[in-house]
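Below, each chain spelled out in residue letters.
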Amino acid sequence: MSPAALKRAAAARAVELVEDGMRLGLGTGSTATLFVELLGEKVRAGLSVVGVPTSEATRSAAQAAGIPLTTLDDTPELDLTIDGADEIDPQLRLIKGGGGALLREKIVAAASRRMVVIVDGAKRVETLGRFPLPIEVVPFGLGATTRAVAAAIGAAGCDGPLTLRRGADGAPFLTDGGHLILDAGLARIPDPEALARALVAVPGVVEHGLFIGLATGAIVAEAADGQPRIVTLGAA
Ligand SMILES: O=C[C@H](O)[C@H](O)[C@H](O)COP(=O)(O)O
């Protein structure tokens, strides 16, 4: 069973949560894009929703799927956000930002009454940290900010290299907001809350990929006898 088939199964279950008239947050990444495509089918069949995309990539996908879009300026409160994740632990704490969309994703999730995460089973972990933690920083003062981030990581009981993310062309990766990403290879984050507090206190850090207290539920698609089996966590 391919990861893509599992992602599609999770996305399909998430579409069932969408009700007519809902204001939706539309996540970013391969799993969220499958949700957008499946949601588009329902919109073309008559479902009425509006969506706030969490990235320019999702904006394009949603427009191609025919989903009406709005902004958090016009629609500051959303009913439901559906988004993927890079890791999820038993407390529904997440690492996000593998695609660099963490900042808008977190703003949209925080504006939503519910956030349901859609993942394949490989994303479930007991302890966050195997996936490198994305930390979004402003380009100004990168050297000093990197040192301060490393100190914050150490103070939170973690350790590991910080790597400036680069694109396929070798140039520094730029987020939709024009920022840079430092990926922290920590292997294990024993106290995500402490690390989150330490990171937001660093001048130059715009946001980090720890999503704590935001996800209200998760839809996990696992392979069972060659078929996807859906496991729900929290309220999903
Ligand atoms: O910045 C990207 C997002 O946080 C994604 O939701 C996350 O990386 C998971 O993406 P995917 O569904 O492609 O594994």
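Conventions used here
- Residues numbered from 1 in each chain as written.
- Predicted model: local features only at pLDDT ≥ 70, side-chain atom pairs only at ≥ 80, totals over all residues.
- Heavy atoms only, no water.
- UniProt positions renumbered as here; feature names shortened; annotations may be inferred.
- Helix = DSSP H or I, 4+ residues; strand = E, 2+ residues; numbered from the N terminus.
- Buried < 20%, exposed > 50% of the residue type's maximum accessible area, 1.4 Å probe, protein only.
- Near = heavy atom within 4 Å.
- Polar contact = N/O pair within 3.5 Å; in protein donor to acceptor, adjacent residues only side chain to side chain.
- Areas by Shrake-Rupley, 256 points an atom, 1.4 Å probe, with all protein chains shown as cover.
- Nonpolar A, V, L, I, M, F, W, Y, C, P; charged D, E, K, R; others polar.
- Phe/Tyr/Trp six-rings, centres within 6.5 Å; stacked < 30°, edge-to-face > 60°.
- Lys NZ or Arg CZ within 6 Å of the ring centre and 35° of its normal.
- Contact = heavy atoms within 4.5 Å.

The name given to the protein chain in an unreviewed UniProt entry is Ribose-5-phosphate isomerase A, with Methylobacterium currus as the source organism. In its Function (unreviewed entry) section, the UniProt entry covering the protein chain states "Catalyzes the reversible conversion of ribose-5-phosphate to ribulose 5-phosphate." The Catalytic activity (unreviewed entry) comment attached to the protein chain in UniProt states, word for word, "aldehydo-D-ribose 5-phosphate = D-ribulose 5-phosphate".

**Student:** Please explain the environment of A224 as it appears in this structure.
**Tutor:** Tracing the chain through its elements places A224 in strand β12 (residues 217-224). On the basis of relative accessible area, A224 is assigned to the partly exposed category, the value being 23%. As for A224 and P3, which are separated by 221 residues in sequence, their C-alpha atoms are 13 Å apart.

**Student:** Is there a simple way to think about the site of the ligand in this case?
**Tutor:** Around the ligand sit 17 residues, and of these T28, S30, T31, D86 and E105 come closest. One of the backbone nitrogen or oxygen atoms of T28 is found 2.6 Å away from an oxygen atom of the ligand. One nitrogen or oxygen atom from the main chain of G98 is found 3.4 Å from an oxygen atom belonging to the ligand. Look at the ligand: alone it shows 380 Å² of surface, and the protein chains cover 92% of it. Residue composition of the shell around the ligand, by class: two nonpolar, nine polar and six charged.

**Student:** How should I be thinking about the packing of aromatic side chains in this particular structure?
**Tutor:** Both the distance between ring centres and the angle between the ring planes are used here to describe each pair of aromatic rings. The tally for this structure, following the rule as stated, stands at zero aromatic pairs. In this structure, K96 is placed above the aromatic ring of F211, and the distance from its NZ or CZ to the ring centre is 5.6 Å. The ring of F173 carries the charged tip of R165 above its face, separated from the ring centre by 5.4 Å.

**Student:** What is the right way to read the UniProt feature "active site" (unreviewed entry) in the protein chain from this model?
**Tutor:** Here, the residues flagged by UniProt with the feature "active site" (unreviewed entry) are E105. Within the secondary structure, E105 is located in helix α4 (residues 102-110). Judged by its relative accessible area of 3%, E105 is buried. If sequence neighbours within four positions are ignored, E105 has contacts with T28, T54, D83, K96, G97 and F211.

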